[in-house]
Each structure stands twice: as structure tokens, then as C-alpha cells.
Amino acid sequence: PGLLEEAFRHSSYVNESGDSHLRDNERLEFLGDAVLDLAISHMLMDRFEEAREGTLSKLRARVVNDRSLLRVADRLDIGPCLLLGRGEERTRGRRKPSILSNAVEALIGALYLDAGFARTVDLIQDHFAPLVRELDGEAAGNDYKSLLQEYTQQHYRILPEYTLVEESGPPHDRTFRVVLRLRRRVVAEGEGKSKKE
């Protein structure tokens, strides 16, 4: 219970408490970050057996970032558990992505110290497997936008430009038309239900 409380204890709470024996969650966050990196690296190597080191590093960065950690924090409903100082409470600290993502890493650090690596990896897999599955297309070389950028930089020393030229349809069923330009010349255009598509 002490580790769990420490994982949710923000530095603003400790600073305002006046208790010199209280620790904030930054040390656990540091440890949790390392445990998460190792666990996700292992998951990626298992899932993408043919991927090279550079690809694995890019994929790990797509999983271990504030946006992904925020998704896990929301799923676990961590906001109400946070111990925050009055200033952070006033500025809606329970919804701040950096505070929430740091708390997830601190929670992972606390789990590691309490339950050991194997059990912590099981829990990480439970919560991060959906994020890893989302990478299937990229690992297979289907991240077309990155491939195009690498190609145009290598051959033309420029980045492609994407321009939204049309939105149509009702708000709940939009269609987007985007053109791709190289050196101001339109070389392709596409239409889809999302800009990414």
C-alpha cells in the first residue's frame, strides 16, 4: 500500500505537505520507465521476429510515449487516485497528460518492486498489447507516409506536402480529399473517411 500511495503522490502534494519523510512518485517513475521499455521491447521482438533494430526502436517509441500512457491512464481511471497539491488541483492536474503518464510509469515501478518483473510484464502486456497490435502495418513496411518521406528525402532532398482540398458530407460521415505535392507539383490525390486514410 505504501508503494501504491507513493506512485500516485505528485511532487506538488509533497511540497505542500511539509512532511520531509514523504516521497513523490518521480523515483518510481524513473524505474517504471525502464521496466516498461524492457517489457515493450520484448513484446515487439516476439511479435515482429523479422524486424531490424531500427524498426523496433521506432515501434517502441510509438508505444512508449505520453499519448499511449495517457490511454492506459484513462482506461485505469488513474486521475481520481492522484495526490496533488492545491495548485495542481486548481489547474486540473488530474487531466494533465504529463502527470497522468508519469503516474502510469510510477505505478509500473511500484508493481515491479512489489510483485517482481514477471508479474509486472503480465500486467504491462494486458494493458499495452492493443497498442502493440496497432503497429502491425508499420512493422510490415506498410507505414506508407514514412516510406514516402524517406524516399523523397533520399531522392529529392525534400519532404512531401499534404493539403486538404475538400471536406464533404454530414459531420458524422465526412469524406476528405487530400493532394500530395512535391516541389509544388501535384503528384497524387486521395479520398477517404479520415485524413489519415
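The coordinates are above.
Residues numbered from 1 in each chain as written. Predicted model: local features only at pLDDT ≥ 70, side-chain atom pairs only at ≥ 80, totals over all residues. Heavy atoms only, no water.

*Asks:* Quick question: what am I supposed to make of the overall build of the protein chain here?
*Replies:* Each helix and strand counted, the protein chain has ten helices and three strands in total. Along the protein chain, from the amino end to the carboxyl end, the secondary structure elements read α-α-α-α-α-α-α-α-α-α-β-β-β. Here the C-alpha atoms of the protein chain give a radius of gyration of 21 Å, more than 25% beyond the 16 Å that 2.2 N^0.38 yields for 197 residues. Structurally, the protein chain occupies a C-alpha span of about 65 × 40 × 35 Å along its principal axes. Expressed as a percentage of the 197 residues in the protein chain, the buried residues total 34%. Sequence separation of at least 24 residues holds for 51% of the intrachain contacts in the protein chain that already meet a minimum separation of 6. Across the protein chain, the mean location of the 30 positive side-chain charges is 6 Å away from that of the 34 negative side-chain charges. (Helix = DSSP H or I, 4+ residues; strand = E, 2+ residues; numbered from the N terminus. Rg over C-alpha atoms; globule rule 2.2 N^0.38 Å. Buried < 20%, exposed > 50% of the residue type's maximum accessible area, 1.4 Å probe, protein only. Contact = heavy atoms within 4.5 Å. Lys, Arg positive; Asp, Glu negative; His and termini not counted. Charge placed at Lys NZ, Arg CZ, Asp CG, Glu CD.)

*Asks:* Before we go on, may I ask you to explain helix α4 (residues 53-63) in this structure?
*Replies:* Because each turn of an α-helix spans 3.6 residues, side chains separated by three or four positions in sequence point in the same direction. Those residues of α4 that sit buried are Leu 56, Leu 59 and Val 63. Buried residues of α4 fall within an arc of 65° about the axis and therefore sit on the same side. (Arc of directions from axis to C-beta.)

*Asks:* For this particular structure, what's the right way to read the packing of helix α3 (residues 26-47) against helix α8 (residues 117-133)?
*Replies:* Following both chains from N to C, one finds α3 and α8 inclined at 60°, their axes separated by 9 Å at the closest point. On the basis of the axis angle, α3 is oblique to α8. Taken as a pair, α3 and α8 cross one another with a handedness that is right-handed. Between α3 and α8, the residues in contact are Val 35, Leu 36, Leu 38, Ala 39, Ile 40, Met 43, Leu 44 and Arg 47 and Phe 117, Thr 120, Val 121, Ile 124, Gln 125, Phe 128, Ala 129, Val 132 and Arg 133, respectively. Across the contact of α3 with α8, the residue classes tally to 13 nonpolar, two polar and two charged. (Axes fitted to C-alpha atoms, helices over the stretch in contact; angles between N-to-C directions. Parallel < 35°, antiparallel > 145°, perpendicular 65-115°, else oblique. Left-handed = near helix turned anticlockwise from the far one by under 90°. Nonpolar A, V, L, I, M, F, W, Y, C, P; charged D, E, K, R; others polar.)

*Asks:* Got a minute to help me understand unusual backbone geometry in this structure?
*Replies:* Most peptide bonds take the trans form, and the phi angle of most residues other than glycine is negative. Not every positive phi belongs to a glycine, and Arg 183 is a case in point at roughly 50°. With respect to the helices and strands, the residue Arg 183 is situated in the loop between β2 (175-182) and β3 (185-192). A positive phi is found at Arg 184, a non-glycine position, where the angle reads about 70°. By relative accessible area, Arg 184 is classed as exposed at 74%.

*Asks:* Sorry if this is basic, but what is going on with a nonpolar patch on the surface here?
*Replies:* Together, Leu 38, Tyr 112, Leu 113 and Phe 117 give the surface a local cluster of nonpolar side chains, amounting to about 350 Å² of exposed area. Tracing the sequence through the fold places Tyr 112 in helix α7 (residues 97-115). Relative accessible area serves as the criterion here: at 30%, Tyr 112 is assigned to the partly exposed category. (Patch = residues over 30% accessible without salt bridge, like charges linked within 9 Å, V, L, I, M, F, W, Y side chains within 5 Å. Areas by Shrake-Rupley, 256 points an atom, 1.4 Å probe, with all protein chains shown as cover. Salt bridge = Lys/Arg side-chain N within 4 Å of Asp/Glu carboxyl O.)

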